Amino acid sequence: MGEFLCSFNEGSKKMRNLLGGKGANLSEMTGMGLPVPFGFVITTKACGRFFAGGGALDAQIVEEMRTKIREVEEVTGKEFGGGENPLLVSVRISNVIKIPTMTGTVFNLGLNDKTVQGLANLSDMEFALDCYTRFLRTYGWLVRRIPQSHFIAAYENIKKKALDEDGEDYSEEAVLFETAMQYKSIIMKKTGHPVPDEPFDQLREAVSAALGHWNSYATRSYRELHEIPESVGTAVVVQAMVFGNMDQNSCTGTVFTRDPNTGEKITCGEFLMKSQGGDTSFRDIEAVKIEKMEDFFPQLYRKFFDIAQLLERYNENVQEIEFTVESGKLYMLETKAARRTPAASVKIAVDMVSEGIVDRETSVANIRASDINKLVLKQFKDEDSIDTKTVDNFNTILEWADEFRTVGVRANIDTPEDAALAIKLGAEGVGLCRSEHMFFGEDRIYDFIRMIIAEDAAERNRAIAALKPYQKDDFKRIFRIMEDRPVTIRLLDPSFHRFLPHAESDIRNLAGKLKISEKKLGAKVLLLREENPAMGKRGSRLAVLHPEIVRMQTEAVIEAALEVREEVDGDLNISIMVPFISSVREFTNVRETVETTAMQCLKAADASLDFSVGTMIETPRAALLADMIAEKADFFSFGTNDLTELVYGLSKEDTEDLIEEYIKKDILDKNPFYSLDERGVGRMIEMACISGRKTKPKLKIGICGEHGGDPDTIEFCESIGINYFSCSTLRIPGARLAAAQAEINSAKKIERVR
């Protein structure tokens, strides 16, 4: 093995970071003794050297390429550039991380007017010209960046002319000869440079172009969007060509070791007789179902299927396999984890455990959290019933995930109905009960608005008294549903401004409902109007200004708990959370109101009840003061939605189009409201966790923004010691799986270090 290049027989799948996915898999299959056309990999280390040298292959890499080509010549018995039995190669990108902007293969590299004659000696001139046109087309597209449409249109025009003139008796050889000439002309006209005649010059250009894709605008944008470091680089595979288009005893195809749509244990796929890769989009060739392979290749049928099953067991995952048959001889070109539907994904995962192919940990690690979320949405949001077996597989996978998961998964809820669904989907508690949402019902909202627009304390207290039974009843129902699971209730958060109408027609309608004058209501709306309600009189500020609301909510919580606790097994686990603080004294002011009210309730009932009082960390100042706040708070819960807004100075509701434009212009890597910004917001959370636990080592810390259901966020937050994640109900199953995978990945990293 050279410093920058690696032959297939020198590598393995453990070298993925150096060889990329394709290179590592081809090396592994070579090591398994499978029939793989020989080749080598220009490594990711060479990619780094390429860009360090200004985007050029230096002398050492070039010399290693010459050495490796000689090695391929020795293995194949062919000569690169030879006129009798020419060696042709394919050049394809081998990504460490899948990147959709980096795909494609240059086929039949090494052909020129001399070697095409030698290739014709192996079969006939039509075959040789077929290979030549494929080389020119893929070279022109991937190396010279000419859209394929130019080549396809040229071929179609030439063939149409031949059909018009000679009908079905036209000469395909003549069409291909003219196509090759036309392709050369297109490349010359579009780029000002001809295709090199010397095969090694072709190879240098193709490898340089493949490496260069790593820094193309599209790839850079994708890398930054998905936070893929530039240092990862890409590799390039150079592999001896085998010809599925050589004769009637040749083909190329792709198979799945299991049905990717249903998950059934049947090998499925297609092959194309007398073809090479990409023919379905270029030429009119009918695909043949893999089930008919025995009819065409009876001597290879059993060998091929045995290899396919071997690869599935060896790689511990369902495989997508590319293969070629050249004149009756089988070659394996690629194997990788197969794409599959969500329903197939859970079935395959369960079946492979029962078949003894993988253990539960591997099965859990192989599933995408997005597949789990899609199944949930299909069942509960789209109301598209899922079959019983898929539901059973779904539940089995999540039970296994829970075996590996150490962090908690809780639900963000608004109503008792949400709580019931959360339990059904596996939530271990409620991480955020948004108490203000309980007032949104038609029978409740008017009492709530009467509280907001009250002229004096007496009027406000009457409205609050009317609201308390609603809150208490909902809390009782939630406590019954959750039993001894943790329930965290957030005190009223949004400002009054959020609940009031602002259009004249809406004010008029509401005044009629409340039986007050439109003028009086309009004046009150104007008085309570805020220019920036997201940073106005909300959260703890509202609680400080209107402690009577905090007292009502606390009474509702405590009284509900006392009435319900005799009905459930175990002790209730209740927490009250103060939202949107920015100072220690803000929090302690509200906490004192909560505790004083709770003690009065308990004294009146001659009872005792354990409960905790903590806070949401949603402002940068609260995060910076985490050590001081931890002295007074029983727990932290990071409200990542508001924290992201305030760290960035962006309004989530008002900047969706701005964020999209910033991503397009490479100013932002991704939407920070969908996946946590680890370098900014994430760093602030990590600092606050460290600071808070210096004061209180056993401080319980959670995440309760919608980021709590994002797999990347979960993996990051698990690594910094977050105790639980809380997300919307329908994202709970995906969060359970993602949390288990984060734990599995963490354990693997530790093992590698050891």
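Preceding this paragraph is the structure being described.
What you see is a predicted model, and the numbers here were worked out from it, not measured in a lab.

Colleague: Give me the lowdown on unusual backbone geometry, citing residues and values where you can.
Modeller: One non-glycine residue, Lys515, lies in positive phi territory at about 60°. Topologically, Lys515 is positioned in the loop between helix 19 (504-514) and helix 20 (518-528). For Lys515, a relative accessible area of 74% puts it in the exposed group. Phi angles above zero are rare outside glycine, and Asp606 is one such case at about 50°. On the secondary structure map, Asp606 appears in the loop between helix 23 (584-605) and strand 17 (611-617). The exposure class of Asp606 is exposed, given its relative accessible area of 74%.

Colleague: Lay out the pairing of strand 14 (residues 430-434) in plain terms, naming residues and giving numbers.
Modeller: Of all five residues in strand 14, five are buried; the element is thus mostly enclosed. Here strand 13 (residues 408-413) runs beside strand 14; their pairing, made up of three bridges, is parallel. Residue Ile413 lies in a different strand from strand 14, and its bridge partner there is Cys433. Examined bridge by bridge, strand 14 and strand 15 (residues 486-490) share three bridges and lie parallel to one another. When the bridges of strand 15 are listed, Arg434 appears paired with Arg490.

Colleague: I'd like a rundown of a nonpolar patch on the surface, residues and numbers included.
Modeller: On the surface, Leu658, Tyr662 and Ile667 cluster together into a nonpolar patch covering about 250 Å² of accessible area. Along the chain, Ile667 falls in the loop between helix 27 (656-664) and helix 28 (678-695).

Colleague: Describe the pattern of salt bridges, listing the residues and the values that go with them.
Modeller: Scanning the model with the defined rule gives 49 salt bridges in all. The partner of Glu312 in a salt bridge is Arg258, with the nearest N and O atoms 2.8 Å apart. Placement of Glu312 in helix 11 (residues 301-315) and of Arg258 in the loop between strand 8 (251-256) and strand 9 (268-273) is noted, with a sequence separation of 54 residues between them. Residue Glu312 shares its accessibility class with Arg258, and that shared class is buried. Where Asp493 meets Arg490, a salt bridge forms, and the shortest distance between an N and an O atom there is 3.6 Å. The burial state of Asp493 is the same as that of Arg490; both residues are buried. Three or more residues joined by partner-sharing salt bridges are found here, namely Glu436, Arg490, Asp493, Arg538, Glu618 and Asp642.

Colleague: Which residues make up helix 29 (residues 711-719), and what values do they have?
Modeller: Three or more residues of helix 29 are buried, namely Thr713, Ile714, Phe716, Cys717 and Glu718. Just downstream of helix 29 lies Gly721, where phi reads positive at about 95°.

Colleague: Any details on the nonpolar core? Residues and values, ideally.
Modeller: In terms of nonpolar packing, the biggest core is built from 104 residues, with Phe479 and Ile685 touching the most fellow members. Setting aside its immediate chain neighbours within four residues, Ile685 contacts Phe638, Thr640, Leu643, Leu676, Ile703, Ile720 and Ile722. Counting 99 residues, the second largest nonpolar core, distinct from the first, contains Val36, Cys47, Tyr183 and Phe323.

Colleague: Outline the pairing of strand 19 (residues 700-703), listing residues and values.
Modeller: Examined bridge by bridge, strand 18 (residues 635-638) and strand 19 share four bridges and lie parallel to one another. Its bridge partner being in strand 19, Phe638 is matched across the sheet by Ile703. Pairing of strand 19 with strand 20 (residues 724-728), which is carried by two bridges, proceeds in the parallel orientation. Bridge assignment links Gly702 to a residue of strand 20, and that residue is Tyr724. What joins strand 19 to strand 20 is helix 29, and the crossover it makes is right-handed.

Colleague: Which residues make up the packing of helix 2 (residues 44-52) against helix 8 (residues 199-212), and what values do they have?
Modeller: It is the contact of helix 2 with helix 8, at a shortest axis distance of 10 Å, that shows an interaxial angle of 90°. Taken together, the axis directions place helix 2 and helix 8 in an arrangement best described as roughly perpendicular. Only Ser208, Leu211 and Gly212 of helix 8 make contact with helix 2, whose side of the interface consists of Cys47, Phe50 and Phe51. Its residues assigned to classes, the contact of helix 2 with helix 8 comprises four nonpolar, two polar and no charged.

Rules used in this analysis
- Residues numbered from 1 in each chain as written.
- Predicted model: local features only at pLDDT ≥ 70, side-chain atom pairs only at ≥ 80, totals over all residues.
- Heavy atoms only, no water.
- Helix = DSSP H or I, 4+ residues; strand = E, 2+ residues; numbered from the N terminus.
- Buried < 20%, exposed > 50% of the residue type's maximum accessible area, 1.4 Å probe, protein only.
- Pairing = 2+ DSSP bridges.
- Patch = residues over 30% accessible without salt bridge, like charges linked within 9 Å, V, L, I, M, F, W, Y side chains within 5 Å.
- Areas by Shrake-Rupley, 256 points an atom, 1.4 Å probe, with all protein chains shown as cover.
- Salt bridge = Lys/Arg side-chain N within 4 Å of Asp/Glu carboxyl O.
- Core = buried A, V, L, I, M, F, W, Y, C linked by side-chain atoms within 4.5 Å.
- Contact = heavy atoms within 4.5 Å.
- Right-handed = clockwise from strand over helix to strand, strands pointing away.
- Axes fitted to C-alpha atoms, helices over the stretch in contact; angles between N-to-C directions.
- Parallel < 35°, antiparallel > 145°, perpendicular 65-115°, else oblique.
- Nonpolar A, V, L, I, M, F, W, Y, C, P; charged D, E, K, R; others polar.

Without other data, these values stay purely geometric and don't point to any function.
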